[in-house]
Amino acid sequence: MIPTRETFGNIPHESVIVFYCLTVVTMAVFANGVWRRYRLWRQGVPISVAQLLAGNLREIWSKLRPGVGRLLEEGLGQARVRGRGLPSFAHIWLFVGFMVLLLGTTLLEIDHLASGAFQALKFHKGTYYVVYEFTLDVFGLLFLAGCLLFLWRRTRRPPSVGHRGTDWYVILSFLAIGITGYLAEGLRIVWQHPTGIAAHCSPVGLVVSGLFSSMTKSGASSAHLTVWWIHSMLVFGFIASLPYTRLFHTIAGPLNLFFAQPVLGRMVPVTMEEVEKTERIGVSAINHFNQQQLLSLDACMECGRCEEACPAFATEKPLSPKRVVQNLKGLMETRSPKSETRKKAEIRDPNQPAQPRLPFRTSVFGFLSGFGFRVSDFPLRALHEETIQLETLWSCTTCSACARVCPVRLDPVTLITDMRRNRLGEGALSGTAATALRRMQSSGNPWGLPASDRANWAEGIGAPTVKENPNFELLYWVGCAGSYDRRAQRVAKAVVKLLKQACVNFAILGNEERCTGDSARRLGDEFLFQELAQANIATLAKYNVRRILTHCPHCMNSLRKDYPQFGGNYTVVHHTEFLEQLLAEGRLLVPEGGPREEAMTYHDPCYLARVNGIHEAPRNVLTMPPGGRAKPPAFGLREMPRGREKTFCCGAGGGRMWMEEEPQKRVCTLRAKEALATGATTIAVACPFCLTMITDGVAAQTESTQIMDVAEILAARLKL
Ligand code: SF4
Ligand code: SF4
């Protein structure tokens, strides 16, 4: 006999009709929930989906491919969920089990509909049936295991993980669906009494059927019908409530993975025309975010990874990226048409779509939304100060740790910098950072020192300017710190010595160089940044610069990612990459018997390692063996627990370099502690900001550890 079973075996015809009626109702509730969320996202500045679908098939595919790749790798492949022990296992098991069960149920329904029309189309039989039943049986266990792990985790409630009453509903309904599924299967086996392979292809169901072995066939049949209905109602309830619970991330998450802006460290420019049109700069109301940003708020499942990675949160500053996202989400849900901010936004920007009509909580499904989302937590709030505090915005170092760890590619950094732009435009930045911005504007550097002194550091060391060496091949971009800060000047001098030793044909801009404007842009002063960038781009064009070397990761990131937005396209290398290349080519050679510091650790700068993915080059330079790369490394670095792309910020990024910090709450102190815990007597860095901050952090704890740039260490090894 060919092994198979009826999809609705033992289910009376009337029950099947009721089942399909309930399916329609469930899907309607589900669709209504999704539509309501979609209307909330539509408040935002439109994103151009139509542009994605413009052009011929090849062009369309080239635009869609990155998003599809992220969906496959990070959605289906769970790439960003992996690597965190039990929570990762719990999510992956539950996800894989759920997807297999969903696929199985869909196939079952297709078979039912197909064979209902034409019996010959029935495929749920024979070998397919055996493989199908076995697979679903096993993956059902994986699903239950994932649920149990989540249940256990929720009872422990790590502080970084958000928790709501509905989370219990979600997990318990998942568990109940899994358990009733197995019970229904066990009872089916009892009343149907399959034999041979048809009985054994559902091993878990077979074991469960043992619980009911004393039942008569008719008793098992009745019990099966009851359990089948309970199981179906649980599934209906789960599907209907999905848009109203944390589980909505299963829809918003993949959508955000598809639409997200995937480049860390890149900011969207603002034009004067936009400001004139909207009469504002940056984001001052929730509908000033774009639609993808609003969608991303719904993708957040409050896993807390961003909070755990955030240096501001770790040092008790009033910033948690998770909270920022959740507070903005709460504000989005209030849809406060009567609030002052909202009214202003509507008057100023008549092109924005109108607000949805009814308050969410008064809708037919309000009880569900109140159950799932904290709709009424944020009645008629303004964005700034009432929802997001000024101190919260200025606390961010734009280190991108939060964006890097988020499983659904939420980008709190951009949310924060967009809001900063508005606050800065409204004159809300004061103190030392505001002074630094004023100095950048007046003198072209944050110290406010004369532009004519910019190249004083280079006197007598033979660093030619572009005028002195017009045929240069490489421009050395020194940056403000290298030019004016006494400690960072020693790094610039070391770089020059190494370049000269390797006979590199280079030049510096000298007094014609200006601040790149990185800090200005990340603090929110977009137009100061643009002014500085345009001046620099004009200077670089005057000398036909194409290749730039810099020892500052912030300058590098700005030249690489900001400047092309204004027509400045260059090949920009960090000095650690360039030095690695010179060593590999044999143009620099580490001598035998030179000084070397084996008790050494290396601090990865955020803008170098995480934002631009450069972490091996500095390590290779530091550990280069005498005679060249063919030999094993000269020694092993003492690695800190958080390194490479998972590095921990020094506290200076995002313009924080120019702000005061409470001594007990300094990010650099925390990072210096981690570095000192390795037992290193030398801490290597590759960024002038890190050099300052880690030096400060170490000085507060010990005097016996030296902090040196990679270039200084190499120059010392080469006895230069
Ligand atoms: S923003 Fe991302 S990392 Fe942070 S809590 Fe939400 S989902 Fe998790
Ligand atoms: S960019 Fe860094 S400091 Fe800012 S919120 Fe994210 S993790 Fe925190």
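See the structure above.
Residues numbered from 1 in each chain as written. Chains lettered and ligands numbered in written order. Predicted model: local features only at pLDDT ≥ 70, side-chain atom pairs only at ≥ 80, totals over all residues. Heavy atoms only, no water.

1. Re the overall build of the protein
Keep this limit in mind: Secondary structure elements follow DSSP: runs of H or I of four or more residues count as helices, runs of E of two or more count as strands, with numbering from the N terminus. Burial classes follow relative accessibility: with a 1.4 Å probe on protein chains only, a residue under 20% of its type's maximum area counts as buried, one over 50% as exposed, and anything between as partly exposed. Note on contacts: a residue pair is in contact if any heavy atoms of the two residues lie within 4.5 Å. Methods summary: accessible areas were calculated by the Shrake-Rupley approach with a probe of 1.4 Å, and residue burial reflects only the protein chains presented. When charges are counted, Lys and Arg are positive and Asp and Glu negative, with His and the chain ends excluded. We put the charge of a Lys on NZ, of an Arg on CZ, of an Asp on CG and of a Glu on CD.
Scanning the protein from terminus to terminus reveals 32 helices and seven strands. Viewed in the frame of its principal axes, the protein has a C-alpha envelope of about 100 × 65 × 55 Å. Across the 720 residues of the protein, 57% fall into the buried class. Of the contacts made within the protein by residues no fewer than 6 positions apart, 80% connect residues no fewer than 24 positions apart. In the form shown here, the protein has an accessible surface area of approximately 30900 Å², with 60% of it arising from carbon and sulfur atoms. One way to put it: in the protein the 80 positive side-chain charges average out to a point 2 Å from where the 61 negative ones average out.

2. Examining the site of ligand 2
We count it as follows: Here, proximity means that at least one heavy atom of the residue falls within 4 Å of the molecule or strand. When residues are sorted by character, Ala, Val, Leu, Ile, Met, Phe, Trp, Tyr, Cys and Pro go into the nonpolar class, Asp, Glu, Lys and Arg into the charged class, and all the rest, Gly among them, into the polar class.
Taken together, the residues surrounding ligand 2 are Cys310, Pro311, Leu319, Pro321, Cys396, Thr397, Thr398, Cys399, Ser400, Ala401, Cys402 and Val413. A class-by-class count of the residues in the shell around ligand 2 yields nine nonpolar, three polar and no charged.

3. Quick notes on the pattern of salt bridges
Note the following rule: Criterion for a salt bridge: a side-chain nitrogen of Lys or Arg within 4 Å of a carboxyl oxygen of Asp or Glu.
Taken as a whole and assessed by the stated rule, the structure comprises 34 salt bridges. A salt bridge links Arg560 to Glu577, with the shortest nitrogen-to-oxygen separation between them at 3.4 Å. Here Arg560, found in helix 26 (residues 553-562), pairs with Glu577, found in helix 27 (residues 575-584); they are 17 residues apart in sequence, far enough to count as distant. For Glu577, a relative accessible area of 23% gives the class partly exposed. In this structure, Arg619 engages Glu639 in a salt bridge whose closest nitrogen and oxygen atoms are separated by 2.8 Å. One end of the pair, Arg619, is in helix 29 (residues 616-622); the other, Glu639, is in the loop between helix 29 and helix 30 (667-676), and 20 residues separate them in sequence. Looking at Arg619, the relative accessible area reads 4%, which means it is buried.

4. Details of the site of ligand 1
Around ligand 1, the surrounding shell consists of Cys300, Met301, Glu302, Cys303, Gly304, Arg305, Cys306, Lys322, Cys406, Pro407 and Leu410. Classifying every residue of the shell around ligand 1 by side-chain character gives seven nonpolar, one polar and three charged.

5. Re helix 23 (residues 486-501)
Going by this rule: Take the number of residues in a helix, subtract one, and multiply by 1.5 Å to get its expected span. Any pair of N or O atoms that falls within 3.5 Å is considered a polar contact. Within protein, one atom must be able to donate a hydrogen and the other to accept it, and sequence-neighbouring residues count only if both atoms are side-chain atoms.
With 16 residues, helix 23 ought to run about 22 Å at 1.5 Å a step, and its terminal C-alpha atoms sit 23 Å apart, in line with that. Here helix 23 has its buried residues at Ala488, Gln489, Val491, Ala492, Ala494, Val495, Val496, Leu498 and Leu499. Capping of helix 23 at its N-terminal end is provided by Asp485; its side-chain oxygen lies 3.1 Å from the backbone amide nitrogen of Arg487. Following helix 23 by one or two positions, Cys503 adopts a phi angle in the positive range, close to 55 degrees.

6. Observations concerning the pairing of strand 3 (residues 547-550)
Spelled out, the test is: In this scheme, strands are said to pair when DSSP sees at least two bridges between them. For a crossover, the right-handed case is the one in which the path from the first strand over the helix to the second runs clockwise, viewed with the strands pointing away from the viewer.
Sheet analysis places strand 1 (residues 474-477) next to strand 3, joined by three bridges and oriented parallel. Bridge assignment links Leu475 to a residue of strand 3, and that residue is Ile548. In the sheet, strand 3 pairs with strand 4 (residues 571-574) via four bridges, with the strands oriented parallel. Among the inter-strand pairings, Arg547 is bridged to a residue of strand 4, identified as Thr571. In this fold, strand 3 hands off to helix 26, which returns the chain to strand 4; that crossover is right-handed.

7. Here we look at the sheet that holds strand 1
Rules: Fitted lines through C-alpha atoms give the axes, limited to the stretch in contact for helices. The angle between two N-to-C directions lies from 0 to 180 degrees.
Pairing is parallel across the open sheet formed by four strands, whose spatial order is 2-1-3-4. Edge positions in the sheet fall to strand 2 (506-508) and strand 4, since each of these pairs with one other strand and no more. Across the sheet, the mean angle separating the axes of adjacent strands is 30 degrees when strand polarity is ignored. Along the sheet face, helix 26 touches strand 1, strand 3 and strand 4 and points at about 165 degrees away from the line of strand 4. With respect to the sheet, helix 27 is in contact with strand 1, strand 3 and strand 4, its orientation differing from that of strand 4 by roughly 80 degrees.

8. Quick look at the sheet that holds strand 5 (residues 600-602)
Read from one edge to the other, the open sheet built from three strands follows the order 5-6-7, with strand pairing classed as parallel. A strand with exactly one partner marks an edge of an open sheet, and here the two such strands are strand 5 and strand 7 (706-709). With strand direction ignored, the average angle separating the axes of adjacent strands in the sheet is 25 degrees. Pairing between strand 5 and strand 6 (residues 682-685): three bridges, direction parallel. Directly across from Tyr602, in strand 6, lies its bridge partner Ala684. Contacting strand 5, strand 6 and strand 7, helix 32 (residues 710-717) runs over the sheet at an angle of about 90 degrees to strand 7.

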